[in-house]
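Each chain, letter by letter, is given below.
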Protein chains: 2
Amino acid sequence: MLTYSFEDIGNDTLYEHLYKAVKNDILNGTLTPMQKLPSKRSFAKNLSISTITVENAYSQLLAEGYIFSVPKKGYYVSDFSNPLLPDINIKSDFHNTDMKQNHPNTDTGQNTSNTDTTQNIFNTDVRQNVLNTDIRQNIFNIDTMSTSVNTHNMPEAFTSINLTVNHINADNFPFSIWSKLIREVISTEKSSLMKPLPSAGSYELRSAIAKHLRDYRGLKVSPEQIIIGAGTEYLYSIIIQLMGRKLVYGLEDPGYKKISKIYNSHKVACTYIPITASGINMDILRKSSADIMHISPSHHFPTGIVTSIRTRYKLLEWANENKTRYIIEDDYDTEFRLVGKPIPALLGIDRNEKVIYMNSFSKSLSSTIRISYMVLPAQLMKKYNETLSFYSCTVSSFEQATLAKFISDGYFEKHINRMRNYYRKLRDTLLNAIRKSPLNSNCTILEENSGLHFLLKINTDKTDTQLKADARSNGLIISCMSDYYMHHPINNNEHIIIINYSGIDAGSINSIIEKLCRII
Amino acid sequence: MLTYSFEDIGNDTLYEHLYKAVKNDILNGTLTPMQKLPSKRSFAKNLSISTITVENAYSQLLAEGYIFSVPKKGYYVSDFSNPLLPDINIKSDFHNTDMKQNHPNTDTGQNTSNTDTTQNIFNTDVRQNVLNTDIRQNIFNIDTMSTSVNTHNMPEAFTSINLTVNHINADNFPFSIWSKLIREVISTEKSSLMKPLPSAGSYELRSAIAKHLRDYRGLKVSPEQIIIGAGTEYLYSIIIQLMGRKLVYGLEDPGYKKISKIYNSHKVACTYIPITASGINMDILRKSSADIMHISPSHHFPTGIVTSIRTRYKLLEWANENKTRYIIEDDYDTEFRLVGKPIPALLGIDRNEKVIYMNSFSKSLSSTIRISYMVLPAQLMKKYNETLSFYSCTVSSFEQATLAKFISDGYFEKHINRMRNYYRKLRDTLLNAIRKSPLNSNCTILEENSGLHFLLKINTDKTDTQLKADARSNGLIISCMSDYYMHHPINNNEHIIIINYSGIDAGSINSIIEKLCRII
């Protein structure tokens with residue numbers, strides 16, 4: 001039986017310590033691929049810790065793909081050391097058919113995840129080609145249809161509840177602190193506020209971000225590698241100018257459609273790589289013409305899938321094979337993994353400067369303060385400085401100085417912790433309400449542990465189009481997984497609704513569930 | 001003799017009323033092309049007004065190109081009604097050889113402008129082709145050389161005075177009002193600050209800008225035509241995506257190099273159209289492949305030239321001839337014409353929706369608050385809404401709300417008036433100091449009436465390269481007109497220094513002049 005000492009655990013919790021110890025033994029080969037791990041109960045007994053602690057450590061290892069589970073058999077070490085072997089990764093916590101609550105403080109019992117279901121939910125057919133204009137046009141129309149209702153102009157009584165976007169509730173923004181910091185900045189930094197900033201942004205803000213990435217993401221990044229911009233959308237246009245227009249950009253399918261729209265609008269070639277249960281389909285990526293692969297390995301939108309450690313190494317290997325290849329890691333809502341530790345960034349295991357890391361303050365602070373950033377590998381930063389630093393930084397010096405102070409003074413960390421608790425509570429209330437409702441017998445909750453959305457797979461005879469239309473006539477704006485596929489034909493009968501819950505009021509939960517029941 | 005009534009002058013000053021009356025008679029044909037106007041003295045006597053009033057009205061008509069002056073002969077009506085006639089426009093106030101002060105409150109005496117000098121100063125050779133990469137590379141290097149010194153990192157005692165950029169002095173930004181307005185916005189608009197803004201920007205800010213354009217530029221623009229963006233640099237990328245990558249963008253030569261860099265960085269084809277004394281060279285534009293002509297008709301950088309009314313009509317006629325043709329009017333520092341009225345915008349006489357108007361708050365407020373805007377013709381705005389409104393607005397909702405209040409509450413108007421007086425005083429102090437110095441006998445001051453820079457033509461045997469190097473070793477960073485030409489061969493012996501004076505301290509004027517004397 002595996003044995004670990006719990007003496008020098010430092011600031012780690014018990015489960016973090018166990019997670020790191022097992023992960024380390026997998027990485028150094030002490031634990032070998034396909035090796036069976038002890039059952040949770042016997043491991044807990046042997047280490048004199050609670051089953052919940054083992055459960056949480058295993059959950060984290062599962063989420064990151066270091067281990068996999070076989071229903072009714074147990075847990076096994078994944079084989080990610082040789083990425084050329086066939087992918088035997090089974091993404092266990094993707095699918096909880098019994099809708100158990102997977103909170104770290106709750107023993108979740110037997111894991112009933114099922115590979116077949118996962119395969120059915122995500123169509124992994126080879127669907128890859130550069131989109132022609134007609135198809136692009138169709139995609140635009142579909143998306144416009146599903147999100148174009150402007151609820152702001154409707155009388156309040158008739159305002160629909162919109163589950164297609166993640167707003168930040170005004171009650172949750174730290175207005176008084178923000179206001180105080182702006183006043184401080186204006187009264188003490190007048191002269192520097194008027195000086196044009198470096199093209200890449202304020203050094204203070206870049207330093208604060210570098211420190212934040214080191215402290216909370218374990219990433220060793222220097223301020224000189226960071227570029228601040230008015231939104232990731234803007235930064236994509238910088239990437240296109242930096243990397244060149246002749247490269248082919250690989251995008252996730254399904255995926256966040258705006259990214260595809262931006263690349264298409266800049267008229268650069270895109271190719272779409274399907275998502276599997278462990279991340280993007282590497283075989284299809286290898287057969288594709290993609291040079292730059294754009295992914296969200298910590299939390300894919302909309303499927304919620306976490307890229308397994310095996311696929312991560314495969315991705316890095318793929319990128320290393322050609323000097324034009326790079327990976328864009330979009331870490332858009334990493335702060336809000338609601339179970340266990342945040343998933344480590346791909347950038348953290350990149351030894352060859354192949355990862356462009358992007359993040360923003362849209363989810364963690366507000367999407368209406370337009371501040372995003374990217375971390376460039378040294379050679380790309382050099383190229384930026386030589387060819388693109390004539391651009392003025394797009395973010396106001398007032399807000400850069402305020403945000404730098406907000407991070408450095410510790411407010412950002414507190415805010416994120418507060419928001420993570422708030423979202424966890426909101427999600428739990430919503431999930432509990434679903435479980436107690438008639439909806440329970442007609443739906444399956446998926447991917448509820450990570451970020452600000454989860455999935456609801458509905459048993460219904462209606463098409464997705466009908467579902468959305470019926471929802472709208474009931475004052476509920478929803479989107480379905482089928483809206484996020486880039487390729488035709490789209491399966492209109494997946495019945496997976498994406499629940500973006502961050503902006504909803506706890507008070508409207510019953511009304512949402514009532515409307516959902518009425519629809520199905 | 002011409003006679004006008006001064007009874008119904010409304011809120012206009014006497015000279016504005018006279019300017020409008022004469023302009024109207026030129027436009028309606030009462031005054032015909034080549035018709036001689038009364039001398040200032042006799043016209044004043046006849047109308048029972050002061051000579052200065054007539055002088056100011058004539059100056060404005062001259063600046064806008066409605067009339068022209070022939071030295072020692074008098075003033076004549078321009079022929080702009082038929083743009084196909086040869087250009088007989090003589091741009092009178094471009095060149096004041098006697099360095100007289102042209103302040104509206106001063107009778108400037110005889111106008112000694114001279115067409116030949118103007119022709120010599122700006123090389124109007126046909127120099128037009130799409131730049132190849134090598135030439136582009138050279139231009140980049142030249143420009144980097146001339147502006148890349150980072151004065152911020154030097155010890156204060158060794159900090160050079162930089163005349164190549166227009167900073168805003170921290171003393172001149174309305175910090176206390178801005179701080180007060182942000183506080184108000186944060187305390188009263190919490191919920192709307194958290195709501196995602198329309199892609200084109202906050203309706204309140206767009207309305208405030210539309211009203212400002214109506215009140216101070218006489219432009220009839222609806223808020224729905226306005227797009228807010230984080231800097232004009234960003235808006236150019238939107239224009240490229242909107243207009244298409246197959247079009248050829250015509251740029252002014254010489255011109256503001258950043259615009260050229262942006263188009264080149266987006267890999268769209270550019271062609272360079274030379275500047276003449278009355279605006280861009282229309283003959284060369286007509287022979288060029290340009291579809292979109294990018295100009296600053298109110299105040300060209302760096303020559304300071306105002307596009308004559310004749311050339312404006314020719315430009316509009318050119319644009320009307322082909323549906324792919326448009327004019328981008330960059331009105332970047334129109335607020336700071338220091339003599340007479342602001343030059344009317346080209347947009348104001350555009351009857352066929354061919355002008356894209358751009359402006360920013362970089363000069364009028366601060367370049368470090370990144371807020372710019374453009375006014376699109378209706379059909380382009382429709383296209384934007386259909387194809388590009390998926391983009392999030394790049395400017396923070398906090399700063400949009402603050403700026404909207406700043407404009408609506410009248411602070412912006414007050415600020416601009418205050419800054420115009422400040423700049424006029426600063427310029428006068430600088431010009432007087434030059435006149436009293438030994439520099440006076442070795443230089444000619446050009447284009448000092450408009451915007452935040454003027455030109456100093458130096459008598460010297462040194463090349464421009466030597467001039468800049470000698471300036472630098474004396475702690476003065478300068479740029480020359482020759483830095484702004486897009487085409488080789490560049491005349492390295494023009495000796496025209498561009499004096500961007502907005503950011504200098506009045507206290508450093510003597511030091512600047514001392515250094516300039518030492519150089520030549």
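All values derive from a computational prediction rather than experimental measurement.

Basis of the calculations
- Residues numbered from 1 in each chain as written.
- Chains lettered and ligands numbered in written order.
- Predicted model: local features only at pLDDT ≥ 70, side-chain atom pairs only at ≥ 80, totals over all residues.
- Heavy atoms only, no water.
- Helix = DSSP H or I, 4+ residues; strand = E, 2+ residues; numbered from the N terminus.
- Buried < 20%, exposed > 50% of the residue type's maximum accessible area, 1.4 Å probe, protein only.
- Contact = heavy atoms within 4.5 Å.
- Areas by Shrake-Rupley, 256 points an atom, 1.4 Å probe, with all protein chains shown as cover.
- Buried area = accessible area lost by both parts, 1.4 Å probe.
- Salt bridge = Lys/Arg side-chain N within 4 Å of Asp/Glu carboxyl O.
- Nonpolar A, V, L, I, M, F, W, Y, C, P; charged D, E, K, R; others polar.
- Axes fitted to C-alpha atoms, helices over the stretch in contact; angles between N-to-C directions.
- Parallel < 35°, antiparallel > 145°, perpendicular 65-115°, else oblique.
- Left-handed = near helix turned anticlockwise from the far one by under 90°.
- Pairing = 2+ DSSP bridges.
- Core = buried A, V, L, I, M, F, W, Y, C linked by side-chain atoms within 4.5 Å.
- Phe/Tyr/Trp six-rings, centres within 6.5 Å; stacked < 30°, edge-to-face > 60°.
- Lys NZ or Arg CZ within 6 Å of the ring centre and 35° of its normal.
- Least-squares fit on C-alpha atoms with pLDDT ≥ 70 in both.
- Polar contact = N/O pair within 3.5 Å; in protein donor to acceptor, adjacent residues only side chain to side chain.

A.B. asks: When you look at the overall build of chain A in this model, what are you seeing that I'm missing?
C.D. replies: If you tally the helices and strands in chain A, you get 17 helices and 16 strands. Burial status across chain A gives 62% buried among its 520 residues. Counted over contacts in chain A with a minimum sequence separation of 6, partners at least 24 positions apart contribute 74%. For chain A, the computed accessible surface area is about 19900 Å², with 50% contributed by carbon and sulfur atoms.

A.B. asks: I keep staring at the interface of chain B and chain A and nothing clicks. Help me out?
C.D. replies: Where the parts come together, the accessible area they lose is often given as the size of the interface. Each partner contributes residues to the interface: chain B has 45 residues there, and chain A has 45 residues. Taking both sides of the interface into account, the surface hidden between chain B and chain A amounts to around 4300 Å²; carbon and sulfur atoms contribute 66%. A per-residue breakdown of the area chain B buries against chain A is headed by Phe175, Met194 and Phe390 of chain B, which together make up 17% of the total. Here chain B and chain A share zero salt bridges between them. Of all the secondary structure elements, the ones that give two or more residues to the side of chain B that touches chain A are α6 (175–188), α7 (190–194), α9 (232–243), α10 (257–265) and α14 (397–408) of chain B. At six residues, the largest contribution of residues to the side of chain B that touches chain A is made by α6 of chain B. Residues that form the side of chain B that touches chain A fall into these classes: 21 nonpolar, 14 polar and 10 charged.

A.B. asks: Would you explain the packing of helix α1 (residues 14–27) of chain A against helix α3 (residues 51–64) of chain A in this entry?
C.D. replies: Pairs of packed helices are described in terms of their axes, by the angle between the two and the distance that separates them. Residues and elements named next belong to chain A. For the pair α1 and α3, interaxial distance at closest approach is 8 Å and the crossing angle is 50°. The angle between α1 and α3 places the two elements in the oblique class. Every pair of crossing elements has a handedness; the one defined by α1 and α3 is right-handed. Together, Leu14, Tyr15, Leu18, Tyr19, Val22 and Lys23 of α1 and Thr53, Val54, Asn56, Ala57, Gln60, Leu61 and Glu64 of α3 make up the contact between the two elements.

A.B. asks: Hey, could you run me through the sheet that holds strand β15 (residues 479–480) of chain A in this one?
C.D. replies: The strands that make up a sheet are held in pairs by hydrogen bonds between backbone atoms, and each pair lies either parallel or antiparallel. All names here are of chain A. Reading across from one edge, β12-β13-β16-β15 is the order of the four strands in this open sheet, with antiparallel pairing throughout. Taken across any chain shown, the strands that pair with only one partner, and hence form the sheet edges, are β12 (443–446) and β15. Across four bridges, β12 lies against strand β13 (residues 453–458) in antiparallel orientation. Residue pairing for β13: Thr444 is matched across the bridge by Lys457. Of the strands in this sheet, β12, β13 and β16 (496–500) touch helix α15 (residues 411–436), which is tilted by about 10° from β13.

A.B. asks: Would you mind going over the pairing of strand β10 (residues 355–360) of chain B with me for this structure?
C.D. replies: Working note: regular strand, side chains alternate between the two faces of the sheet. Residue and element names in this part refer to chain B. A large share of β10 lies buried, amounting to six of its six residues. Burial along β10 is two-sided: the residues Val355, Tyr357 and Asn359 and Ile356, Met358 and Ser360 are all buried. Inspection of the sheet shows β10 paired to strand β11 (residues 372–375) by four bridges, in the antiparallel sense. When the bridges of β11 are listed, Asn359 appears paired with Tyr373.

A.B. asks: Where do I start with the sheet that holds strand β12 (residues 443–446) of chain B in this structure?
C.D. replies: All names here are of chain B. Spatial strand order, β12-β13-β16-β15: four strands in an open sheet with antiparallel pairing. At either end of the open sheet lies a strand with only one pairing partner, and these are β12 and β15 (479–480). Of the strand pairs in this sheet, strand β13 (residues 453–458) and strand β16 (residues 496–500) are connected by five bridges, and their pairing is antiparallel. The residue bridging Lys457 from the neighbouring strand is Ile496, located in β16. Across the sheet, helix α15 (residues 411–436) lies against β12, β13 and β16, angled at about 10° from β13, the strand it touches most.

A.B. asks: Honestly, the nonpolar core in this entry has me stumped. Any pointers?
C.D. replies: Soluble globular proteins tend to bury their nonpolar side chains together. By size, the foremost hydrophobic cluster in this structure holds 232 residues, and its most contacted members are Leu456 of chain A together with Leu456 of chain B. Residue contacts for Leu456 of chain B: discarding those within four places in its chain leaves Ile434, Leu439, Cys443, Thr444, Ile445, His495, Ile496, Ile497, Ile499 and Leu516 of chain B. Tyr234, Tyr236, Tyr263 and Phe390 of chain A belong to the second-largest nonpolar core, a separate cluster that totals 66 residues.

A.B. asks: Could you clarify how one ought to interpret the pattern of salt bridges in this entry?
C.D. replies: When charged atoms on two side chains of opposite charge get close, those side chains can pair. Counted by the stated rule, this structure contains 30 salt bridges over all chains. In this structure, Lys211 of chain A and Asp215 of chain A form a salt bridge, with 2.7 Å as the shortest nitrogen-oxygen distance. On the criterion of helical spacing, the pair formed by Lys211 of chain A and Asp215 of chain A is a turn pair, its members being four residues apart in helix α8 (residues 203–217). For Lys211 of chain A, a relative accessible area of 45% corresponds to the partly exposed category. The salt bridge involving Glu233 of chain B is made with Lys258 of chain B; its shortest N-O contact spans 2.7 Å. Note that Glu233 of chain B is positioned in helix α9 and Lys258 of chain B in helix α10, a separation of 25 residues in sequence.

A.B. asks: Honestly, the packing of aromatic side chains in this entry has me stumped. Any pointers?
C.D. replies: Think of a pair of aromatic rings as described by two things: how far the centres are apart, and how the planes are tilted against each other in angle. In the structure shown here, the tally under the stated rule is 45 aromatic pairs over all chains. A ring pair is formed by Phe173 of chain A and Trp178 of chain A, whose centres lie 5.9 Å apart and whose planes are at 65°; its orientation type is edge-to-face. Residue class for Phe173 of chain A comes out buried when judged on its relative accessible area of 4%. An aromatic cluster of three or more residues is present, and its members are Phe173, Phe175, Trp178, Tyr357, Phe361, Tyr373, Phe406, Tyr411 and Phe412 of chain A together with Phe398 of chain B. Geometry around Phe175 of chain A places Lys190 of chain B over its ring, the cationic atom sitting 5.4 Å from the centre. We note Lys354 of chain B situated over the ring of Tyr326 of chain B; from NZ or CZ to the ring centre the distance is 4.5 Å.

A.B. asks: When you look at the relation of the copies chain B and chain A in this model, what are you seeing that I'm missing?
C.D. replies: Mapping one chain copy onto the other needs a rotation about an axis and a shift along that axis. The operation relating chain B to chain A is a screw motion whose rotation component is 179°, with 0.0 Å of axial translation and a residual RMSD of 0.2 Å. Taken together, the rotation angle and the small translation identify this as a two-fold axis. Most of the interface of chain B is mirrored in chain A: 100% of its interface residues are interface residues there too.

A.B. asks: Would you mind going over the side chain of Asn172 of chain A with me for this structure?
C.D. replies: Residue and element names in this part refer to chain A. Within the element layout of this structure, Asn172 appears in the loop between β3 (161–162) and α6 (175–188). On the basis of relative accessibility, which here comes to 6%, the residue Asn172 falls in the buried class. Look past the residues within four positions of Asn172 in its chain and what remains in contact with it is His415, Arg418, Met419 and Tyr422.

A.B. asks: Where do I start with the side chain of Gln241 of chain A in this structure?
C.D. replies: Structurally, the position occupied by Gln241 of chain A is in helix α9 (residues 232–243). Relative accessible area serves as the criterion here: at 13%, Gln241 of chain A is assigned to the buried category. Of the polar contacts made by the side chain of Gln241 of chain A, one reaches the side chain of His266 of chain B; its length is 3.3 Å. When residues no more than four places from it in sequence are discounted, the contact partners of Gln241 of chain A are Leu388 and Tyr391 of chain A together with Ser265 and His266 of chain B.

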